[in-house]
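Remarks on the overall topology
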Amino acid sequence: EKFEESTFDSIDARLARVLVRRARAGERPIMATQQSLAVELGTAREVVSRTLSRWKREGLVTTGRGTLALLDPAALEKICGEV
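In short, a report on the structure. A quick note: this is a predicted structure, and the numbers were derived from the prediction, not measured.

1. What to know about the packing of helix 3 (residues 34-41) against helix 4 (residues 45-57)
Two elements in contact, helix 3 and helix 4, have axes separated by 8 Å at closest approach and are oriented at 115°. As the angle between them shows, helix 3 and helix 4 are arranged roughly perpendicular. The way helix 3 lies across helix 4 gives a crossing that is right-handed. For the pair helix 3 and helix 4, contact is made by Gln 34, Gln 35, Leu 37, Ala 38 and Leu 41 and by Arg 45, Val 48, Ser 49 and Leu 52, respectively. Here the residues of the contact of helix 3 with helix 4 are counted per class, giving 5 nonpolar, 3 polar and 1 charged.

2. Things to note about the pairing of strand 2 (residues 61-64)
Sheet analysis places strand 2 next to strand 3 (residues 67-70), joined by 4 bridges and oriented antiparallel. Bridge pairing in strand 3 places Thr 63 opposite Leu 68. A loop of 2 residues connects strand 2 with strand 3, the two strands running antiparallel in sequence, and Gly 66 in this loop sits at a positive phi of about 75°.

3. With respect to the sheet that holds strand 2
One open sheet accounts for 3 strands, arranged 1-3-2; its pairing is antiparallel. Single-partner strands in this sheet number two, and they are strand 1 (30-31) and strand 2. Inspection of the sheet shows strand 1 paired to strand 3 by 2 bridges, in the antiparallel sense. Across the sheet, Met 31 pairs through a bridge with Thr 67, a residue of strand 3.

4. Some details on the side chain of Thr 51
Checked against the element boundaries, Thr 51 lands in helix 4. Only 2.9 Å separates the side chain of Thr 51 from the backbone oxygen of Val 47, close enough to count as a polar contact. Residue contacts for Thr 51: discarding those within four places in its chain leaves Ile 11, Asp 12 and Leu 15.

5. Topic: unusual backbone geometry
Omega for the peptide link from Arg 28 to Pro 29 comes to -5°, which places this bond in the cis form. Of note, Pro 29 is situated in the loop between helix 2 (11-24) and strand 1.

6. Digging into the environment of Ala 38
As for its placement among the helices and strands, Ala 38 is situated in helix 3. For the pair Ala 38 and Leu 15, spaced 23 residues apart in sequence, the C-alpha to C-alpha distance is 8.8 Å.

7. Looking at helix 5 (residues 73-80)
Within the span of helix 5, buried status applies to Ala 75, Leu 76 and Cys 80. For helix 5, the buried positions fall inside an angular range of 135° around the axis, keeping them on one side. Buried residues in helix 5 make contact with helix 2, helix 4, strand 2 and strand 3. Positive backbone phi, at 75°, marks Gly 81, one or two positions downstream of helix 5.

Analysis parameters
Residues numbered from 1 in each chain as written. Predicted model: local features only at pLDDT ≥ 70, side-chain atom pairs only at ≥ 80, totals over all residues. Heavy atoms only, no water. Axes fitted to C-alpha atoms, helices over the stretch in contact; angles between N-to-C directions. Helix = DSSP H or I, 4+ residues; strand = E, 2+ residues; numbered from the N terminus. Parallel < 35°, antiparallel > 145°, perpendicular 65-115°, else oblique. Left-handed = near helix turned anticlockwise from the far one by under 90°. Contact = heavy atoms within 4.5 Å. Nonpolar A, V, L, I, M, F, W, Y, C, P; charged D, E, K, R; others polar. Pairing = 2+ DSSP bridges. Polar contact = N/O pair within 3.5 Å; in protein donor to acceptor, adjacent residues only side chain to side chain. Buried < 20%, exposed > 50% of the residue type's maximum accessible area, 1.4 Å probe, protein only. Arc of directions from axis to C-beta.

Worth remembering: the numbers are spatial, not functional.
Here's what the structure looks like:
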């Protein structure tokens, strides 16, 4: 991850970018805990949890124990600016 990305992008964009890249690499479902994503992004687990909960309500992702699936990859690509 480039310094500019981690410094200036919103947590939504940074989290979406990580999930989209992992899904594009063939990781389905994505094997990650909220804590491991928080560490990777340099933020608190609660921030990741709130973001994923919102996305779940919006129908963008589904979550399980240590797994995530992207239900609407196109919407997440828009969030991270990788359209």
